[in-house]
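Understanding the architecture of this molecule
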Amino acid sequence: EQPLIKLKPQRTSSRDLVNLDGLWKFTLASGANDTAQPWTAPFPRGALECPVPASYNDIFVDRDIRDHVGWVYYQREVFVPKGWSKEQYFVRAESATHHGRIYVNDRLLAEHVGGYTSFEADITEFVTAGEKFRLTIGVNNELTHETIPPGKIEIGESTGKRIQTYNHDFYNYAGLSRSIWLYSVPRQHIEDITVSTDVDGETGLINYNIKVAKNSTENIKISVIDEEGAVVATASGAQGTVKINSVKLWQPGAAYLYQFQANIVDGRKVVDTYSVATGVRTVKIDGSKFLINGKPFYFTGFGRHEDTSVRGKGHDQAYMVHDFQLMDWIGANSFRTSHYPYAEEVMDFADRQGIVVIDETPAVGLNIALLGVSGTEVPKTWSEENINNNTQKAHKQAIRELISRDKNHASVVMWSIANEPASAEEGAREYFEPLAKLTRELDPTRPITFANVGGATSESDLISDLFDVSCLNRYFGWYSETGDLEEAEPALVKELQSWEKKFNRPIIMTEYGAYTIAGLHSALGLPWSEEFQEDMLAMYHRVFDTIESMAGEHVWNFADFQTSLGTKRVDGNKKGVFTRDRQPKMAAHGLKARWTNMTTSG
Ligand code: GCB
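This one's a predicted model, so the numbers in the text were calculated from it and none came from an experiment. (Residues numbered from 1 in each chain as written. Predicted model: local features only at pLDDT ≥ 70, side-chain atom pairs only at ≥ 80, totals over all residues. Heavy atoms only, no water.)

What about the pairing of strand β30 (residues 550-556)?
Of all seven residues in β30, seven are buried, a share of seventy percent or more. Relative to β30, strand β23 (residues 299-303) runs parallel, the two being bridged by five bridges. From the neighbouring strand, G301 faces β30, where its bridge partner is H554. Two strands pair when backbone bridges link them, and strand β29 (residues 507-511) and β30 are joined in this way by three bridges, in the parallel orientation. The residue bridging I508 from the neighbouring strand is G552, located in β30. For the segment spanning β29, helix α7 (residues 530-544) and β30, crossover handedness is right-handed. (Buried < 20%, exposed > 50% of the residue type's maximum accessible area, 1.4 Å probe, protein only. Helix = DSSP H or I, 4+ residues; strand = E, 2+ residues; numbered from the N terminus. Pairing = 2+ DSSP bridges. Right-handed = clockwise from strand over helix to strand, strands pointing away.)

Pasting the structure below:
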C-alpha cells in the first residue's frame, strides 16, 4: 500500500527535482455544467497568466474571477530532463484548494480532494525523458456539507449564479498556492520513512520504519549525521532503533537537527538516498504540565493564517521568514496551524527554528449554530443534511493525510483534529470518538486535542474527555460582555476554574483577542481601538497567571487576515497583533514585554 502523502521531493545523489513555479496560463471553466475540456489543447494565445504559487482570487481585477465557484485550469509546458530515462518521475502539487486534477497532455493522471495537502501523478509511462508535455492542473474551490472544511453553494436569486458560503472565518482562497514540482526517483526507491524519538539518559533514540517501493531490495543502511556533518550512528534494516550517544536534544528555541539518512544499497552501490531532518525530543503530559524533554513548556504565540495581500494563501518565502522573525521579536515560542495544514516549507522551517507547533486539520466550521442562524429552529450540526457520515469520512482522510505528511517533524508536539466543532450538540460524541481513536492509532507518540468553542462549557461539552489537553477559544469581553472588562474578567476566571476542576490536565487558551483597527485610539479604551486590545490581553494574562493548569496562551491572531464579505468584518478580520502588512499594533509591545520576560526567566 502506498503512503498517503509521499515524501517531500529532495535532490540527493539518487534523486532530482525541477521546480515548476512561475507564470502559468490560466482560465476559468464557464460554469458547473461546462463540458469544455481545456486540458486537451494548448490554451489560446492571449490567455491570462497566473503566478504559481498564489491564490488566484486577488491577482486579477475581476469579480468574476474572485467570486468564481467551480473549476479553474492552469497550464504550462514542461520538459522531462534527458538524463531521467532510467528513472521514475512524478508531477507533484503541494496543494490544490480544494480539489485538484493533474492532466498530462490529454490524460487525467491524478486526482485529489483536500485543499491543503499534496498529491502527485506518476508520469513515467506517459512522457519520455528528454521530451516535453502539456501539463494542465484543474482546481475546484467548491465546498459542500460533505467536504472538509464544509460549505454550501447557494444560487443567487436574480442572477442565478452560484455563490459559495461557509461557516469559517477566513476567505476561501483557491488555486495553486504552493509549489509544483517535477521530480525523479530511482526505480528501486524509498517510499516512506517514519521516525519517532526518545531519550534514555544521555542517549538519544530514533525509532524508524522504512517502506520501499515494490521490487526494491530491502537492503537498507542508515546513517545519522549531526550538524557538523559527522556520522554519529549507523544501523541497517528497514526498521529498528538507532542510538546517539551524548545526544543534542531538539529544544524549543534551540533546535538541533540530525540528518536521518536512509540508503537502499545493492552490493556496494547506493541505489537511493533520502534524509529526514530529525530532532530528538520527547513530548509528554504529566498532570497539568505539558512536558517537552521532561520540562514544563508554556506555549506563547498565536493562532495564525496563511494570508497576505495579493497572494492570498500563496506560500511566500519572504513572508515566512519575516513572520518567524516577528514571532521571535515578540517572544512567541509556538503557534497553531489554524485552521489547516500549512505549506511543508513552514513545517521544515519551524523544525530548524525551534518553534513549537500545534498542527491542525482543515476541520473548521463543523458548527451550524455559529452561523448566527436566526429563528426558533436551529438546524442540527450532526445530521444527515449537515455534517454526516460522508463528512466524517472526509475528516478521517484529512487526519490521515496530516499525520502522514507531518509525523516526522520535531516541531509538531500535538495534533488538533478540529476547530470549534459543535461539541455540546447531541451527536458530537458519536462523530468524534472514532476520529480521536484513529488519530491515536496513527500516532501513539503525540497528545491530541481540538479547539473548544465558547459556550461549550466544561459541563456541556460532550467530547473533551476523548482528548489530552483542554484547548479553549474564548472571547469574554468581545463576543460577550462586549467592551466591559470588569464583567469579562470574573467570567473568564469562572470558566477557567471550571475546566481546571473537571480535568487535571493542561489548559491552553488557543484563541483570545479583540478586533482592532490599527490607528484607532480611544482614551477610554473602548472596543475596536488599539487601547482596548492591549487592555483586554492584559486582563486575560492577569487571569492566566492565577490558574495552575494554564499551559499556554495563543492570541488570536498573529496578523489581520481576509475573510468572506460580511457586516462584521471590515476588509477582513482585524484581530491581528500585527496588521496584514506585518506592522505591530500597540498591544504587540505589551506581549513582547510579557513573553520575552517569561522565556528568559522560565
Ligand atoms: C473563532 C474562530 C476563528 C475566528 C475568530 C474570530 O472562534 O476559531 O476562526 O476568526 O473566532 O475572530 O471570530
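Following the structure, the description resumes.
Some points on the packing of aromatic side chains
Counted under the stated rule, the structure contains 40 aromatic pairs. Considering the side-chain rings of F26 and F60, the 5.5 Å spacing of their centres and the 15° angle between planes classify their relative orientation as stacked. Taken as a pair, F26 in strand β2 (residues 22-28) and F60 in the loop between β3 (48-52) and α1 (63-66) lie far apart in primary sequence, 34 residues in all. The class for F26 is buried, based on a relative accessible area of 2%. Residue F60 is classed as buried on the basis of its relative accessible area, which comes to 14%. Centre to centre, the rings of F302 and F558 are 5.3 Å apart; their planes meet at 75°, and the pair counts as edge-to-face. Of this pair, F302 sits in strand β23 while F558 sits in the loop between β30 and α8 (587-601), and the two are 256 residues apart along the sequence. Like F558, F302 is buried. Here the basic side chain of R66 rests over the ring of Y171, its NZ or CZ set 4.3 Å away from the ring centre. Above the plane of the ring of F503 lies R505, whose end atom (NZ or CZ) is 4.0 Å from the centre. (Phe/Tyr/Trp six-rings, centres within 6.5 Å; stacked < 30°, edge-to-face > 60°. Lys NZ or Arg CZ within 6 Å of the ring centre and 35° of its normal.)

Notes on helix α3 (residues 344-353)
Taken across its ten residues, α3 has seven buried, putting it largely inside the fold. Where α3 is buried, its residues contact β5 (88-93), α2 (317-330), β24 (334-336), β25 (356-360), α4 (389-406) and β26 (412-419). Looking one or two residues beyond α3, the residue adopting positive phi is G354, at roughly 75°. (Contact = heavy atoms within 4.5 Å.)

A look at empty space enclosed by the protein
Overall, the coordinates contain three cavities of 30 Å³ or more when judged by the stated rule. By volume, the largest cavity amounts to about 150 Å³. Around the largest cavity, the lining comprises 16 residues; the ones closest to its centre are E306, D307, H315, Y319 and D323. Tallying contributions element by element places α2 first for the lining of the largest cavity, with three residues. Classifying every residue of the lining of the largest cavity gives four nonpolar, five polar and seven charged. Lining of the second largest cavity is provided by K6, L7, R15, F90, E120, Y183, V185, H189, I190 and E191. Listed by contribution, the elements that provide at least two residues to the lining of the second largest cavity are β12 (180-185) and β13 (190-200). (1 Å grid on protein atoms, 1.4 Å probe; cavity = no way out; pocket = protein on both sides within 12 Å on 5 of 7 lines; lining within 4 Å. Points joined across faces, edges and corners; volume = space filled by probe spheres on them. Nonpolar A, V, L, I, M, F, W, Y, C, P; charged D, E, K, R; others polar.)

Details of unusual backbone geometry
Between T97 and the following residue, H98, the backbone shows a cis peptide bond with an omega angle of 10°. Along the chain, H98 falls in the loop between β5 and β6 (99-104). Even without being glycine, N293 reaches a positive phi, approximately 55°. For N293, the location among the structural elements is in the loop between β21 (289-292) and β22 (295-296). The buried category is assigned to N293, whose relative accessible area is 13%. One non-glycine residue with positive phi stands out, namely V310, at about 65°.

A few points about the sheet that holds β12
The four strands are arranged β1-β12-β5-β8 in an open sheet whose pairing can be described as antiparallel. Where the open sheet ends on each side, the last strands, each with one partner, are β1 (16-19) and β8 (119-122). Ignoring strand direction, the axes of neighbouring strands in this sheet form an average angle of 20°. Inspection of the sheet shows β5 paired to β12 by six bridges, in the antiparallel sense. Residue V91 lies in a different strand from β12, and its bridge partner there is L182. (Axes fitted to C-alpha atoms, helices over the stretch in contact; angles between N-to-C directions.)

Focus: the sheet that holds β2
Judged by pairing direction, the sheet is antiparallel, and its six strands sit side by side in the order β3-β2-β4-β9-β6-β7 without closing on themselves. The open sheet has two edge strands, β3 and β7 (107-113), and neither has a second partner. Between one strand axis and the next, the sheet turns by 30° as a mean value, whatever way the strands run. Bridge count for strand β4 (residues 71-79) against strand β9 (residues 132-140) is nine bridges, and the pairing is antiparallel. Within β9, the residue paired with W71 across the bridge is N140.

Some thoughts on the site of the ligand
As a structural note, the neighbourhood of the ligand is formed by 13 residues, with D169, H339, E420, Y479 and K575 the closest of them. Between the ligand and Y475, the relevant distance is 3.5 Å, taken from an oxygen atom to a side-chain nitrogen or oxygen of the residue. Looking at the shell around the ligand residue by residue, the class counts come to four nonpolar, four polar and five charged. (Near = heavy atom within 4 Å. Polar contact = N/O pair within 3.5 Å; in protein donor to acceptor, adjacent residues only side chain to side chain.)

Comments concerning the environment of R505
Mapped onto the elements of the fold, R505 is located in the loop between α6 (485-502) and β29. Counting along the chain gives 70 residues from R505 to L435, while the straight-line C-alpha distance between them is 21 Å. The residues contacting R505, other than those within four sequence positions of it, are G287, S288, S464, D465, F467, D468, V469, S470 and S549. Polar side-chain contacts of R505 include one of 2.6 Å to the backbone oxygen of F467.

Concerning the environment of M586
Inspection of the secondary structure puts M586 in the loop between β30 and α8. Residue M586 is classed as partly exposed on the basis of its relative accessible area of 25%. Separated by 54 residues in the primary sequence, M586 and F532 have C-alpha atoms spaced 9.8 Å apart. Apart from residues lying up to four places away in sequence, M586 is in contact with H521, E530, E531 and E534.

Nothing here speaks to function; it is geometry throughout.
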